[in-house]
Amino acid sequence: MSMMEEKVPGHKGRAEDGKWPWMHIVGFVISIVLTLIALRLVLAHAMAPSGLFVTIMVLAVLQILVQLFFFMHILEGGGPRWHLWMLTLGFIFVFTIVAGSIWIMTFGAEAY
Amino acid sequence: MKYKAARWLRMLPVGAACLLLSGCTREQFLVFNPAGPVGRIEMHLIILSMVLIGIVVVPVMLILWYIVHRFRDRPNNRAPYRPEWSENRTLEIIWWGIPIIIIGILAVNTVHDTFRLTRPPEPTGKPLTIHVTSLDWKWLFEYPDQKIATVNYCYIPTGRPIQFVLTADAPMNSFWVPQLGGQEYTMPGMAMRLWLEADKPGTYFGSGANFTGRGYAHMKFDVIATSDPEFSQWAAKVRQTAPALTRSGYTQLVKQSVVGRMSFSSFPPGLFQETIMREGGMYMKHDISVLDNKA
Amino acid sequence: MPDDTLNVSHFLVTGDPLIYGADVSIVVVSIAIVAVLTYYRKWGWLWREWLTTVDHKKIGIMYMIAALLMLFRGGVDALLMRMQLAFPNTRFLEAEHYNQIFTTHGTIMILFMAMPFIFAMMNIAVPLMIGARDVAFPYLNAISFWMFFFGAMLFNLSFVIGGSPDAGWTSYPPLAESDFNLGPGENYYLLALQISGIGSIATGINFFVTILKMRAPGMTLMRMPLFCWAILATSILIIFVFPVLTVALALLLIDRIAGAHFFTMLGGGNPMMYINMFWIWGHPEVYIVILPAFGIFSEVVATFSGKRIFGYASMVASLMAIAVISYFTWVHHFFTMGAGPGVNSFFALSTMIIAIPTGVKIFNWLATMYNGRVRVTVPMKWALGFIPNFAVGGATGVMLSVAPADYQYHNSYFLIAHFHQTLIGGVVFGMLAGMYYWWPKMFGFVLEERYANWGFWWFNIGFYVCFIPQYLLGFMGMTRRIYTYPTGMGWSTLNLISTIGAFMMGLGFLFIAAGIVYSIFYGERDTTGDPWNGRTLEWSVPSPAPHYNFARIPVVTSRDAWWTMKKERKQGVLPPGEDEIRPIHMPKNSGRPFILSLSFFVAGFGLVFHWYILTVIGFSAVAACLLLRSFDYDTDYYIPVDEIKKTEASYGRS
Amino acid sequence: MSVTQEALSNHPPSHVGGEHVEHADHPDPNLWIFGFWIFLASDLILFASLFATYAVLHTHIANGPSARQIFDVTGFTAETLFLLTSSFTCGLATWSMRRGQRGWVAGWLVVTLILGLLFIGFEVDEFATNSMKGYGMSTSAFLSAFYTLVGTHGCHVSLGICWMIAILIQVLRLGITEVTARKVFVVGLYWHFLDVVWVFIFTVVYLTGVMG
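Residues numbered from 1 in each chain as written. Chains lettered and ligands numbered in written order. Predicted model: local features only at pLDDT ≥ 70, side-chain atom pairs only at ≥ 80, totals over all residues. Heavy atoms only, no water.

What to know about a nonpolar patch on the surface
- Together, F53, V54, V58, V61, L62, L65, F69 and L75 of chain A line one region of the surface with nonpolar side chains, adding up to about 640 Å² of accessible area.
- Inspection of the secondary structure puts L65 of chain A in helix α3 (residues 49-71). (Patch = residues over 30% accessible without salt bridge, like charges linked within 9 Å, V, L, I, M, F, W, Y side chains within 5 Å. Areas by Shrake-Rupley, 256 points an atom, 1.4 Å probe, with all protein chains shown as cover. Salt bridge = Lys/Arg side-chain N within 4 Å of Asp/Glu carboxyl O. Helix = DSSP H or I, 4+ residues; strand = E, 2+ residues; numbered from the N terminus.)

Structure below.
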């Protein structure tokens, strides 16, 4: 602690000055709610399969954003945000790998 | 002087290549000696691409030679020396532009022919289907219409589009008859369609083009193109004289070995489809539509 | 398989004079090394100075030595193949041996020669070029090297213990599945690549962070040397593609060891998925190895033309464009799979597009020499040899990208000639240029020119003699990976010529090696630290660079920082930042990276032969190393000012 | 991104972009955090490859069961809730760390560890139940892909648990120093990342599987 206090005058979180970690609590509640919505939709067969799949994928993407912004503090930090660029590129490549593989491995079956 | 000699030395390989080219007969360059429409389309694309890249490559070589010669660091070289000269918008636009144009021309032709070659080459003739299975280390050809089968050689009629349906009951190989056209993989569990056609009679060299182990180098076969009547005669003769391919015979054939030519008067019906379905074809919509001969 | 492993005669590969020869030479060389080290009491030195080092320069040197050794091994493989193919129907090698040899040739050249060679160059040059004292994570850097090293050892071990892999360097299933490939060779391949792959990913992350975060003050991104840009692009590619290889190899290994059905013929497996994933890695991989070569050529051409690089901005743009687009081209390695005209068209176009920035780079190099003063030194010879070579290699690449035409080239010798032209004419030429260029910075002496010139001309001319005939053979229908061929196809003459060319290249390599040995004894010492009249910061420090690199961190005011500094000094302007020397913070050496990687080697060796106890022991040691590191707080130290001053004085600097 | 922006604010901001003149002669914690982000981007691709394999093979059930037959809604929902909650508590550990509360940091880490272990327990139970029924890795391509994808995530979580224990010990022994703070933050990033991956496993594997 001594070193910390010596180096760190008033070590406080910026957005979370108060007594309660509101950011985290809000993030947590949102993530649970999103999960339960997805589960509910699927178990109730609320839509046609393709529509359902798209909906739950959208919910999953929202979940990622919750984790990144509320828990992983992605926007913090000084200097250029190279990690944001890399993550964006990473997600593009993730999409390329998954969608590309599926596209290639169906052998143009969509044409028949 | 020493460097000049070295530069001439560099021309040696080019000269040697020219000599060689004149030494080999054109017939031996199978890709440039096509015997059917598919091979011809591909050859034209190859020549087109050679010309287009020549537009870039040849000037690059000449410019390189000129620059190194002119701006060589030797005493009394009068050529300008401008160590800070490093930007020129016009030049850069030119050499971003030229490759873009060349690639553009090539791209249009590529896409056009890619789609064209998935269709039968000449819609006039009646298509013939041959089922091809690559095995360790031999080629099995089944004629579903003639109900005969051959190993390591096949007959095709000239002037009719041939629909080769390719699969493998062994590690993946590739079916290549350079003079008729390009190759396609034979894959376990897949029914791949390859359209070829011969427009003159002859014996065409074919080989497996994808490595499959010890006997791979011996996976050569001949495609013999004859006139339609001769083809029918041949098929009738095989049906009458050759032994039948039984299921146990097929099991033997699948085992690893190198064999010569074989002919069979019949084969177990549905063998080809069964093999494909067992090895994963049942999950592929594509296979089912090819086997049903749709589209 | 368990039955095999119990049998000693299967364990030690026997039955071939080549292998006995290798056995004997390995034993003899090992004894010799041990004897020399013991006689000269060098064990402590070896451990303290090399095995435990975290210094990027020493790690770079070790990478380079390993790469040269692997170039030799892979080259011998190549010569054996060419001997077999010199004449039709030869019985010099049996099919099994030929298959093993082309498999190890490919694997070694790509993963254990090209990769360590680029790592060597980036380790040696990048921190010096950006004015840093080491990479961002020196300890991790040591781990990377030793993971590569032990991966390579594991792979080479297969030659004498258990048998080499023989399913091609691409190792396509189902041929590489246990149904068709029982022996341990394939396991060696999978595990060796896996172990060295971990090291590669770590290197990618390390240099990405180093380049973005460790630059000297004033060195903005657009003032970086192009080599650093190239390494940045390469790092991005490594970070994003190596995990795909990891997965592809892991799944194949799981198939082989746990009986899973990813790529098997039965049980619902889909072998094409492996091919798909392998090339998602495999195509960017060739850019991973070529981009650093582009970087080196940019430095070499600018330095030896005495001129700023032409079109810096478009050079940077093309590097980045290549890095990103190369992720979208992988299907061109298997157009002939026939995944549909839509797929083939898309990937043909993306492949053609990537040729555009590559072409631009060639024009920019030419323009750099234009209006310059071209000094044809040894590194410059390799660069000049590269340009026509790569122009042809790149052009044939464009030909290959034409999907329908590729149906005629695929797996033929045309393809072989093409990728050798890019990988040798691009990567090997580039790395050799880099080696000659930075050699003085590594060792403090310049490599002798005469041998080097002989080496260059034999290698360069031999290259054309070897590979031009192979293009023609492709048109004649000769396919790759056949161990023998019949007469009557017209292939014989061309094959013989190709073999002659291969031996010319071998001779070139011997000249290069001889030149290195000669120069160790008689090479001209580099006392200035700047033997080439360089442009970038690495030439501002003494040769060989002191282990802290810069006594004072330079302040950069322009591109080609050292060139500017020299110019300003001539005009009497003192460079900024020449203030007091202060204690330098440095990472401590550690033996743990070595032990950690050795543990991986042990675990891997256990897995190869299904000796799971050994695997458990190995992985336990790995875990122990990681935990020890986590609890280790004594990782760095300061070099006192006196010591720095003493070192600087020994170089004649204040 | 930083451990705490303020916590390090009097630390030289490293040599980012070459904007500062003074060269940092002290290791900069931001370097590790940045490097770890990049590692996560790389790991993301690893999982993408496994997802791609699963997506291609998930219908290849050979003679084995289909997804619908073996997925247990209660089980995977419980796993999901455990992991989401653990991500939250792990975030709270970072939050407490920023406030310099060593006791709370340790406490939240312990809670996170317990939830992580529960998650692993459920997953092991799911795998064991299926294997017991004879549905193993070698039953079909679908099951190979399923076990490998979910198992790789499980291995990541297990590794995270071991790592977190090591850091917990260091926090207890040394308090919150610049180094331990960085370590807590980094392990937290790792843990949240695994949560992100799990959300996709939950959606793509389990929900889509029971959808039918």
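What to know about the interface of chain C and chain B
- Contacts between the two partners involve 104 residues from chain C, matched on the other side by 94 residues from chain B.
- Carbon and sulfur atoms make up 72% of the surface buried where chain C meets chain B, a total of about 8,600 Å² over both sides.
- If you sort the residues of chain C by the area they bury against chain B, N371, R373 and Q408 of chain C come out on top, with a joint share of 10%.
- Among the salt bridges present, the one from E84 of chain B reaches R308 of chain C, with a minimum N-O distance of 3.7 Å.
- If you look at where chain C meets chain B, you find 27 residue pairs in polar contact (both at pLDDT 80 or more).
- Looking at the side of chain C that touches chain B, the element that brings in the most residues is helix α12 (residues 341-369) of chain C, giving 18 residues.
- Partitioned by chemical class, the residues of the side of chain C that touches chain B number 63 nonpolar, 31 polar and 10 charged. (Contact = heavy atoms within 4.5 Å. Buried area = accessible area lost by both parts, 1.4 Å probe. Polar contact = N/O pair within 3.5 Å; in protein donor to acceptor, adjacent residues only side chain to side chain. Nonpolar A, V, L, I, M, F, W, Y, C, P; charged D, E, K, R; others polar.)

Quick word on the packing of helix α10 (residues 271-305) of chain C against helix α15 (residues 413-443) of chain C
Residues and elements named next belong to chain C.
- Interhelical geometry of α10 versus α15 gives an angle of 50° and a closest axis separation of 8 Å. Relative to α15, α10 is oriented oblique. The hand of the α10/α15 crossing is left-handed. From α10, V289, I290, P292, A293, I296, F297, E299, V300, T303 and F304 reach across to α15, where they touch T422, L423, G426, V427, F429, G430, M431, A433, G434, Y437 and W438.
- The residue inventory of the contact of α10 with α15, partitioned by class, reads 15 nonpolar, 5 polar and 1 charged. (Axes fitted to C-alpha atoms, helices over the stretch in contact; angles between N-to-C directions. Parallel < 35°, antiparallel > 145°, perpendicular 65-115°, else oblique. Left-handed = near helix turned anticlockwise from the far one by under 90°.)

A word on the pattern of salt bridges
- Tallied over the entire structure, the rule returns 18 salt bridges over all chains.
- Measuring nitrogen to oxygen at the nearest pair gives 2.7 Å for the salt bridge that ties R40 of chain B to D199 of chain B. Pair noted here: R40 of chain B is in helix α2 (residues 37-70) and D199 of chain B is in the loop between β8 (192-196) and β9 (202-208), with a separation of 159 residues, a long-range link.
- The exposure class of R40 of chain B is partly exposed, given its relative accessible area of 30%.
- The partly exposed category is assigned to D199 of chain B, whose relative accessible area is 34%.
- In this structure, E49 of chain C engages K58 of chain C in a salt bridge whose closest nitrogen and oxygen atoms are separated by 2.7 Å. (Buried < 20%, exposed > 50% of the residue type's maximum accessible area, 1.4 Å probe, protein only.)

A look at the domain arrangement of chain B
Residue and element names in this part refer to chain B.
- Domain annotation of chain B identifies domain 1 (30-75 + 86-117) and domain 2 (128-291).
- A separation of 38 Å is found between the C-alpha centroids of domain 1 and domain 2.
- Listed by partner, the interface residues are 12 residues for domain 1 and 14 residues for domain 2.
- When domain 1 packs against domain 2, close to 960 Å² is buried across both sides, 54% of that on carbon and sulfur atoms.
- Summed over the three residues of domain 1 that lose the most area to domain 2, namely L30, A35 and V38, the buried surface amounts to 51% of that side.
- Counting across the interface, domain 1 meets domain 2 through 1 salt bridge.
- Viewed at the interface, domain 2 and domain 1 are joined by 6 residue pairs in polar contact (both at pLDDT 80 or more). (Domains from an automatic or database assignment.)

Describing the sheet that holds strand β2 (residues 138-143) of chain B
All names here are of chain B.
- If you trace the 6 strands from one edge of the open sheet to the other, you get β8-β5-β1-β2-β3-β11, paired in mixed fashion. At either margin of the open sheet sits one strand with a lone partner, and together these are β8 and β11 (262-264). When strand polarity is set aside, the average angle formed by the axes of neighbouring strands in this sheet is 20°.
- Both strand β1 (residues 128-135) and strand β5 (residues 162-168) contribute to a ladder of 7 bridges, which runs parallel. Across the sheet, I130 pairs through a bridge with F164, a residue of β5.
- Helix-sheet contacts for helix α5 (residues 247-254) involve β1, β2, β3 (148-151) and β11, and the interaxial angle to β1 is about 55°.
- Seen against the sheet, helix α6 (residues 271-278) touches β1, β2 and β5 and runs at an angle of roughly 50° to β1. (Pairing = 2+ DSSP bridges.)

Regarding the side chain of Q179 of chain B
All names here are of chain B.
- Within the secondary structure, Q179 is located in the loop between β6 (173-177) and β7 (181-186).
- A distance of 3.0 Å separates a polar atom in the side chain of Q179 from the backbone oxygen of N33.
- Every residue in contact with Q179, bar those within four places of it in the chain, is listed here: L30, N33, P34, A35, G36, G39, Y204 and F205.

Comments concerning the side chain of T107 of chain C
All names here are of chain C.
- By the secondary structure assignment, T107 is in helix α6 (residues 95-129).
- The buried category is assigned to T107, whose relative accessible area is 0%.
- Leaving out residues up to four positions away in the same chain, T107 has contacts with F112, F155, W169, Y189 and L193.

A few points about helix α5 (residues 141-174) of chain D
- Between its terminal C-alpha atoms α5 of chain D stretches 49 Å, which fits the 50 Å expected from 34 residues at 1.5 Å a residue.
- The buried count for α5 of chain D comes to 24 of 34 residues, which makes it a mostly enclosed element. (Expected span 1.5 Å × (residues − 1).)

Regarding the pairing of strand β4 (residues 153-157) of chain B
Residues and elements named next belong to chain B.
- Within β4, 5 of the 5 residues are buried, which leaves it mostly tucked inside the rest of the structure.
- As paired elements, β4 and strand β10 (residues 220-226) share 5 bridges and run parallel to each other. Residue pairing across strands places P157 opposite T226, the latter belonging to β10.

Examining the pairing of β2 of chain B
Residues and elements named next belong to chain B.
- A large share of β2 lies buried, amounting to 6 of its 6 residues.
- Along β2, one buried face is formed by K138, L140 and E142 and the opposite face, lined by W139, F141 and Y143, is buried too.
- As paired elements, β1 and β2 share 5 bridges and run antiparallel to each other. The partner of L135 across the bridge, within β2, is K138.
- Adjacent in sequence and paired antiparallel, β1 and β2 are bridged by 2 residues.
- Taking the residues between adjacent antiparallel strands as the criterion, β2 and β3 are bridged by 4 residues, where K147 takes a positive phi near 60°.

Things to note about the domain arrangement of chain C
All names here are of chain C.
- For chain C, the assigned domains read domain 1 (1-220 + 258-269 + 591-634) and domain 2 (270-519).
- Look at where the C-alpha atoms of domain 1 and domain 2 centre, and you get two points 24 Å apart.
- On the side of domain 2, 48 residues touch domain 1, which itself brings 46 residues to the contact.
- Buried surface at the junction of domain 1 and domain 2, both sides included, amounts to about 4,100 Å², of which 75% is carbon and sulfur.
- Where domain 1 packs against domain 2, one counts 0 salt bridges.
- At the surface where domain 1 touches domain 2, the tally comes to 9 residue pairs in polar contact (both at pLDDT 80 or more).
- Of all elements in the fold, only α5 (56-85) and α6 reach the threshold of two or more residues within the side of domain 1 that touches domain 2.

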